[in-house]
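Fold and geometry: a report
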Amino acid sequence: MSEKRALVTGITGQDGSYLAEFLLSQGYEVLGMVRRSSTVNFDRIRHFQDEVTIVQGDLLDQMSLLDILREYRPQEVYNLAAQSFVPTSWKQPVLTGEFTALGVTRMLEAVRIIDPEIRFYQASSSEMFGKVRETPQNENTPFYPRSPYGVAKVYGHWITVNYRESYDLFACSGILFNHESPRRGLEFVTHKVTYGAARIKLGLADELRLGNLEARRDWGYAGDYVQAMWLMLQQDEPDDYVIATGETHSVQELCEIAFGYLDLDWREYVVSDPKFFRPAEVDLLVGDASKAHAKLGWEPSVSFEELIRLMVDADMKALQANRG
Ligand code: NAP
Ligand code: F7E
């Protein structure tokens with residue numbers, strides 16, 4: 001039997017799937033919390049589904065969280081579940097607050113009541129910096145969120161700090177900048193661009209409609225970032241860390257790389273459509289992860305260009321396989 005048991009909320013998401021695989025490779029027994037739906041969507045975890053224990057729970061339901069911790073007794077909890085798509089947070093601001101903000105308190109309450117020795121990780125976000133107060137952004141940069149999602153994440157961040165200070169919980173918050181992979185949802189801009197470029201290359205589409213091409217982000221590889229989550233919970237003291245590459249690129253640069261890799265000129269296919277502009281934009285993000293470098297020994301291993309190329313390769317392969 002494994003010595004260590006970890007609960008991952010959001011295991012069916014991009015990060016949950018990479019984190020679960022990483023924890024399995026470290027010898028953990030992994031519990032993955034999923035919410036009930038009429039059809040299961042285990043696409044991201046199918047290849048290791050038999051190695052994890054799926055438990056049913058929902059961040060909206062306090063009792064389900066208490067029951068899971070009472071029954072399975074994990075030593076570590078990684079709270080990755082959230083409504084994570086920024087545009088949806090304007091359409092469903094209350095629900096976003098329930099999942100992404102209050103859901104954190106529900107999980108922290110479950111930890112406090114069932115076993116305050118549990119080490120807790122909260123998935124905080126660079127979206128909390130929003131209209132940035134300084135560049136690059138570090139752990140001390142003031143927050144100025146620009147969407148209901150960002151506001152909810154600020155709540156989740158501070159309630160995690162507050163439970164650490166109020167109840168002496170080992171609660172850490174990872175302030176992660178954008179991280180991507182072939183498992184990224186297709187609505188996020190990196191995957192929308194790599195998938196769109198691959199479809200155009202294969203003659204399945206003739207244009208790609210995007211929003212603001214000037215927005216800049218610090219994009220890294222999800223496989224690298226989940227290791228930082230684990231490292232935070234292995235330290236002697238709980239703390240908060242920025243995880244980022246330290247480089248910033250525009251959506252236009254992303255298009256140049258993805259289309260260029262397929263020998264296409266992005267200017268012939270990409271249309272900037274006002275429909276995809278946001279009510280309030282986060283113009284520029286770039287993180288300073290020096291604390292994580294120094295204290296966790298964490299470094300990113302995949303460059304921006306490598307990341308986009310590996311996503312294009314994966315999309316080409318999947319689309320070609322689908323065509324038979
Ligand atoms: P994702 O792919 O959207 O996955 C979200 C996960 O949360 C899914 O497994 C989803 O389950 C689950 N979930 C949503 N609402 C739930 C509820 N009420 N109860 C239980 N589970 C629920 O997100 P991600 O990219 O992996 O991100 C993981 C976490 O990191 C999120 O909290 C996100 O906000 C945060 N974050 C992400 C980034 C990034 O760049 N990826 C950066 C900073 C922070 P279903 O499959 O049932 O929908
Ligand atoms: O947008 C611009 C858009 O949706 C990035 C989430 O994981 O990272 C993610 O949030 C930028 C924005 O990610 C399109 O306006 C242009 O400026 O890929 P995104 P995000 O909003 O940065 C943070 C760290 C999280 O925590 C979130 O959970 O790209 N953009 N045109 C577009 N974005 C989208 N989605 N679609 C477009 O057509």
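How each quantity is defined
Each chain has its residues counted from 1, following the order in which its sequence is written. Chains and ligands are labelled by the order in which they are written, letters from A for the one and numbers from 1 for the other. For a predicted model such as this one, the threshold for reporting local features is a pLDDT of at least 70, and the threshold for listing and counting side-chain atom pairs is 80 or more; totals across whole chains, interfaces and linings nevertheless cover every residue. Side-chain metrics rest on all non-hydrogen atoms present in the structure, leaving aside hydrogens and water. Helical segments are the DSSP runs of H or I of at least four residues, strand segments are the runs of E of at least two, and each set is numbered from the N terminus. By this rule the span expected of a helix is its residue count minus one, scaled by 1.5 Å. Whether two residues are in contact is decided by their heavy atoms, any of which lying within 4.5 Å being enough. Burial classification: accessible surface area is computed with a 1.4 Å probe over protein chains only, and a residue below 20% of its type maximum counts as buried, one above 50% as exposed, and the rest as partly exposed. By definition, two strands form a pair when at least two bridges between them are found by DSSP. Throughout, an axis means a line fitted to C-alpha atoms (over the contacting stretch in the case of helices), and angles, computed between N-to-C directions, take values from 0 to 180 degrees. Domain ranges listed in this record stem from an automatic or a database domain assignment. For any pair of parts, buried area is found by adding up, for both, the accessible area (1.4 Å probe) each one loses once the two are put together. Salt bridges, as used here, are contacts in which a Lys or Arg side-chain nitrogen is within 4 Å of a carboxyl oxygen on Asp or Glu. Whenever a nitrogen or oxygen atom comes within 3.5 Å of another N or O atom, the pair is scored as a polar contact, on the condition that within protein one atom can donate a hydrogen and the other can accept it, and that pairs from neighbouring residues in sequence are kept only if both atoms are in side chains. Nearness is judged by heavy atoms alone; a residue qualifies as near a molecule or strand once a single heavy atom is within 4 Å of it. Residue-level accessible areas treat just the shown protein chains as cover; the underlying method is Shrake-Rupley with a 1.4 Å probe.

1. As for helix H6 (residues 189-201)
Since there are 3.6 residues in each turn of an α-helix, residues three or four apart along the chain are aligned in direction. The first and last C-alpha atoms of H6 sit 18 Å apart over 13 residues, in line with the 18 Å expected at 1.5 Å per residue. On its buried face, H6 is in contact with strand E7 (179-180), strand E8 (208-210), helix H8 (251-261) and helix H10 (304-323). Within two residues after H6, Gly 203 carries a phi angle of roughly 75°, on the positive side.

2. Comments concerning the side chain of Thr 194
Its location among the elements puts Thr 194 in helix H6. Looking at Thr 194, the relative accessible area reads 0%, which means it is buried. Leaving out residues up to four positions away in the same chain, Thr 194 has contacts with Ala 258, Ile 308, Met 311, Val 312 and Asp 315.

3. Quick notes on helix H2 (residues 62-72)
For H2, the set of buried residues is Ser 64, Leu 65, Leu 66, Ile 68 and Leu 69. Buried residues along H2 sit against strand E1 (5-9), strand E2 (29-34), strand E3 (53-56), strand E4 (76-79) and helix H4 (93-114). Once H2 finishes, Arg 73 follows within two positions and takes phi at roughly 50°, a positive value.

4. Things to note about the sheet that holds strand E5 (residues 119-125)
Spatially, the seven strands line up as an open sheet ordered E3-E2-E1-E4-E5-E6-E11, and their pairing is parallel. Edge strands, defined here as strands with exactly one partner in the open sheet, are E3 and strand E11 (240-243). Strand-to-strand twist across the sheet, computed as the mean angle between neighbouring axes with direction ignored, equals 20°. Summarising the sheet, E1 and E4 pair through four bridges and their orientation is parallel. Opposite Thr 9, over in E4, you have Asn 79 as the bridge partner. H2 contacts E1, E2, E3 and E4 of the sheet and is inclined by roughly 145° relative to E3.

5. Things to note about the domain arrangement of the protein
Looking at the protein, the domain boundaries give domain 1 (5-179 + 220-243) and domain 2 (185-217 + 247-287 + 301-323). Placing a centre on the C-alpha atoms of domain 1 and another on those of domain 2 gives a separation of 27 Å. Taken residue by residue, the interface counts 21 residues in domain 1 and 16 residues in domain 2. In total, domain 1 and domain 2 occlude about 1,700 Å² of area from one another, counting both sides; carbon and sulfur atoms represent 63% of this. Of all residues in domain 1, Phe 85, Trp 90 and Arg 146 give up the largest surface area on contact with domain 2, accounting jointly for 29% of the area buried on that side. The interface formed by domain 1 and domain 2 includes one salt bridge. Residue Glu 127 pairs with Arg 217 through a salt bridge whose shortest N-O separation is 3.7 Å. Where domain 1 meets domain 2, there are four residue pairs in polar contact (both at pLDDT 80 or more).

6. Things to note about the site of ligand 2
Taken together, 23 residues form the shell around ligand 2, and within it Ser 84, Ser 125, Tyr 149, Arg 278 and Glu 281 come nearest. Between ligand 2 and Glu 187, the relevant distance is 2.9 Å, taken from a nitrogen atom to a main-chain nitrogen or oxygen of the residue. Residue Arg 217 places a side-chain N or O atom 2.8 Å away from an oxygen atom belonging to ligand 2. Considering ligand 2 on its own, with 700 Å² of exposed area, one finds that the protein chains cover 95% of that surface.

7. Brief notes about the pattern of salt bridges
Inspection of every chain in the model, using the stated rule, returns 17 salt bridges. Two residues, Asp 67 and Arg 70, come together in a salt bridge whose shortest N-O distance is 3.0 Å. Here Asp 67 pairs with Arg 70, and both are found in helix H2, just three residues apart, close to one helical turn. We classify Asp 67 as partly exposed; its relative accessible area is 37%. For Glu 281, the salt bridge identified is with Arg 217, shortest N-O distance 3.7 Å. Of this pair, Glu 281 sits in the loop between strand E13 (270-272) and helix H9 (290-296) while Arg 217 sits in strand E9 (residues 216-217), placing them 64 residues apart in sequence. Overlapping salt bridges bring together Glu 127, Arg 217 and Glu 281 as one network.

8. As for the pairing of E4
Residues of E4 alternate between two faces, with Glu 76 and Tyr 78 on one and Val 77 and Asn 79 on the opposite face, all of them buried. Two elements, E4 and E5, share four bridges in a ladder whose sense is parallel. The residue of E5 that forms the bridge with Asn 79 is Gln 122.

9. Brief notes about the site of ligand 1
In the region of ligand 1, 24 residues are neighbours, and Thr 12, Asp 15, Arg 35, Ser 84 and Tyr 149 sit closest. Within the backbone of Gly 10, a nitrogen or oxygen atom sits 3.3 Å from an oxygen atom of ligand 1. Separating an oxygen atom of ligand 1 from a backbone N or O atom of Gly 13 is a distance of 3.0 Å. Protein contact buries 87% of the 910 Å² of open area that ligand 1 shows by itself.

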